[in-house]
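Topology and contacts: notes
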Amino acid sequence: MKAKRRIPITVIFLLLVALLIGSCTRQRNSSQQGHLAWEKLTDQISGKSDYSYEDVPRLKVITNPSDAQSLSGQVYPEVLEQVQTVDFSTFFAIAVFQGQQDTTGYSIEVADIEYKKGVVSVHANFYEPSPGDVVGETLTSPYYILTVRKTEDLKGSLTFVLIANGEEVTRQTHVIP
């Protein structure tokens with residue numbers, strides 16, 4: 001009689017252990033995909049007319065001070081200094097540019113960042129002036145710069161995708177050290 005009771009208890013114990021192992025595996029995989037935590041470093045709704053702008057929306061991944069220096073002439077000097085102070089051993093930065101605009105009144109808002117199977121998707125909203133808005137006649141290039149904490153999943157060769165207003169704008173591969 002005691003032997004019959006041990007079998008069900010042993011089976012129940014083994015099932016519990018299997019469930020526990022399974023839930024740990026699912027927990028580990030969930031960190032490999034989903035929404036990423038990020039922090040806004042700065043955003044600018046316009047720039048100076050004497051800066052060099054690219055006329056297409058783009059993103060730039062910044063993983064070290066040399067990458068940060070490549071923003072020179074595209075962002076205000078005080079913003080460049082701010083990006084250069086990022087702790088690149090713990091974080092990397094992403095700069096999202098709306099591209100050259102002929103007037104003021106344009107802006108960017110990053111709504112979400114997702115990670116799934118080696119792809120980091122940056123979801124942004126690009127805003128433009130409404131008809132009838134008073135705008136200044138000067139070249140601008142709105143940008144939004146944010147930082148993301150590095151994790152084991154967010155290292156190595158990753159694909160970065162900029163999705164603006166629901167449409168893919170650009171895609172690039174970058175190595176996160």
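Thresholds, definitions, all that
Residues numbered from 1 in each chain as written. Predicted model: local features only at pLDDT ≥ 70, side-chain atom pairs only at ≥ 80, totals over all residues. Heavy atoms only, no water. Pairing = 2+ DSSP bridges. Helix = DSSP H or I, 4+ residues; strand = E, 2+ residues; numbered from the N terminus. Axes fitted to C-alpha atoms, helices over the stretch in contact; angles between N-to-C directions. Phe/Tyr/Trp six-rings, centres within 6.5 Å; stacked < 30°, edge-to-face > 60°. Buried < 20%, exposed > 50% of the residue type's maximum accessible area, 1.4 Å probe, protein only.

Some points on the sheet that holds strand S1 (residues 33-35)
- Read across the sheet, 5 strands follow the order S1-S5-S6-S8-S9 without closing on themselves; strand pairing throughout is mixed. Each of the sheet's edge strands pairs with one partner strand only, and the pair in question is S1 and strand S9 (167-176). Strand-to-strand, the axes of this sheet are offset by a mean angle of 20°, without reference to chain direction.
- Pairing geometry for strand S8 (residues 156-164) and S9, over 9 bridges, is antiparallel. Within S9, the position partnered with Leu 158 by the bridge is His 174.

A word on the packing of aromatic side chains
- Under the definition given, this model contains 3 aromatic pairs.
- Judged by centre distance (6.2 Å) and plane angle (70°), the ring pair of Trp 38 and Tyr 144 falls under edge-to-face. Linking Trp 38 in strand S2 (residues 38-44) with Tyr 144 in strand S7 (residues 143-149), this pair joins segments that are 106 residues apart in sequence.
- A relative accessible area of 6% places Tyr 144 in the buried class.
- Ring geometry for Phe 92 versus Phe 160: centroids 6.0 Å apart, planes at 80°, classification edge-to-face. Separated by 68 residues along the polypeptide, Phe 92 in strand S4 (residues 91-97) and Phe 160 in strand S8 bring together distant segments of the chain. Each of the two residues, Phe 92 as well as Phe 160, counts as buried.

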